[in-house]
Amino acid sequence: MEKTEANFRKLLNEHKSTIYSVCYMFSKDQDEVEDLFQETLINLWNGLDKFEGRSGTGTWVWRIALNTCINSDRKKKKRVDTVPLTFDTDFRDDNSVENRQVKLLHQRISRLQPFDRAIVLLWLENMSYDDIAAIVGISTKAVGVRLVRIREQLKNMNDN
Amino acid sequence: MEKDNNMNELEQMREQMNIFKSRLDKQQIINEQLVRNSMGSKLSWIKNFVLGEIILVPILLIIMATFHASEGLSWWLFAFLAAGLIIDTTGDFIINRIPKSQLLGGDLVATSQRLTKMKKQRTSWFIAGMIFVTIWLVWFIIEIVMRLDDGCNLPDHNIVVGIMVAGIAIGALIGIFVAWLIFRKMQRTNNQLIEQINQVINED
């Protein structure tokens, strides 16, 4: 894809929710979300001209976002040039019924190992086992096995 | 019944995610400054560091050559330093030549494996660098002491030499300790990621 500002903006507008939801599920506070979000955007921009279109843009964005979050060096201090995101609601502080559901979802997912988090997030996105396997880099059968284990873990979390 | 409960749980999570994403769709999230920052991001600091090394090494070698000539230190010591710096810079360039942004477009396991390999290479190269610095430092101190011993007319000559050697040794020990702490931290990061990758790819 040609590395132009127009293409980049179009990509961000189409996939901002995906990028944010991935960063949110891999972070523990708003600072970390913003850091991961900024880092993901930088990686998307830098990789834009390397994207050959063999997979859809959505799949590519998922890969960049998940790779950024899984491989991010968490011990780094907050980036000095991180820009606050533009929201009119705070998912962590607001105690509305909907936000409580989001927090519960975050609690469940964040207790999983990073690769399992990636698999669950892709499954929640209604992706097929084949697509999940292609993004994660394991076999389709391994995705199925992994999801069964994740379900057991989630069930045990609820039981505890 | 249990299977139904599991499915209800996951379906509940799917509903929660759908609510979350539909709320996100109504938010602006991305602002102009964020987009500008992302497009204007500088080259990664690692790439800048390697470029800096390539520029600084010749300058450093000129300074050290001048110092060696003025102090009468051996040219074998200088050749050792020059070879070490050139090899180190070349190694840094080779290890870091693939930008992280290029690595991230692949599948998660392959990307993590490549990044882990890169980190391990850096660690090995760092250890080799520490060994080189230690050898050079010892050799340098010996030559300085021998140089001071040759026709040195300073009063309290031994005290001067002792203070100089002690100062260099203390500085070197502090540097090595700090470097060891950094190395340990890097190893921990590597090991955590390797463990996760192995868990995921061993499902078959």
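Definitions and limits used
- Residues numbered from 1 in each chain as written.
- Chains lettered and ligands numbered in written order.
- Predicted model: local features only at pLDDT ≥ 70, side-chain atom pairs only at ≥ 80, totals over all residues.
- Helix = DSSP H or I, 4+ residues; strand = E, 2+ residues; numbered from the N terminus.
- Buried ≥ 20, exposed ≤ 12 C-beta atoms within 10 Å, placed from the backbone.
- Contact = placed C-beta atoms within 7 Å.
- Expected span 1.5 Å × (residues − 1).
- Domains from an automatic or database assignment.
- Nonpolar A, V, L, I, M, F, W, Y, C, P; charged D, E, K, R; others polar.

**Considerations on the overall build of chain B**
Helices and strands together make up the secondary structure of chain B, namely seven helices and zero strands. Across chain B, helices and strands are ordered from the amino to the carboxyl terminus as α-α-α-α-α-α-α. Counting every position in chain B, which comprises 204 residues, the buried fraction comes to 9%. Residue pairs in contact within chain B that sit at least 24 positions apart in sequence constitute 79% of those at least 6 positions apart.

**Describing the interface of chain A and chain B**
Across the boundary between the two partners, chain A contributes 57 residues, which contact 44 residues of chain B. Mapped onto the side of chain A that touches chain B, the elements with two or more residues apiece are helix 1 (5-25), helix 2 (30-47), helix 3 (57-71), helix 4 (97-110), helix 5 (114-124), helix 6 (129-136) and helix 7 (140-159) of chain A.

**Thoughts on unusual backbone geometry**
The phi angle at asparagine 126 of chain A is positive, at roughly 65 degrees, despite the residue not being glycine. As for its position among the elements, asparagine 126 of chain A is in the loop between helix 5 and helix 6.

**Some thoughts on helix 3 of chain A**
Owing to its 3.6 residues per turn, the α-helix brings residues three or four apart onto one side. Residue and element names in this part refer to chain A. With 15 residues, helix 3 should cover 21 Å at 1.5 Å per step; its first-to-last C-alpha distance of 21 Å lies within 8% of that length. Burial analysis of helix 3 places twelve of its 15 residues in the buried class, the great majority of the element. Buried within helix 3 we find Trp60, Val61, Trp62, Arg63, Ile64, Ala65, Leu66, Asn67, Thr68, Cys69, Ile70 and Asn71.

**Examining the domain arrangement of chain A**
By a widespread convention, an interface's size corresponds to the accessible area lost as its parts come together. Residues and elements named next belong to chain A. As assigned here, chain A comprises domain 1 (1-90) and domain 2 (111-160). On the side of domain 2, eight residues touch domain 1, which itself brings eight residues to the contact. Residue assignment for the side of domain 1 that touches domain 2 shows that the elements contributing at least two residues are helix 1 and helix 3. The dominant element in the side of domain 1 that touches domain 2, judged by the number of residues it contributes, is helix 3, at five residues. Taken together, the residues that form the side of domain 1 that touches domain 2 break down as six nonpolar, one polar and one charged.

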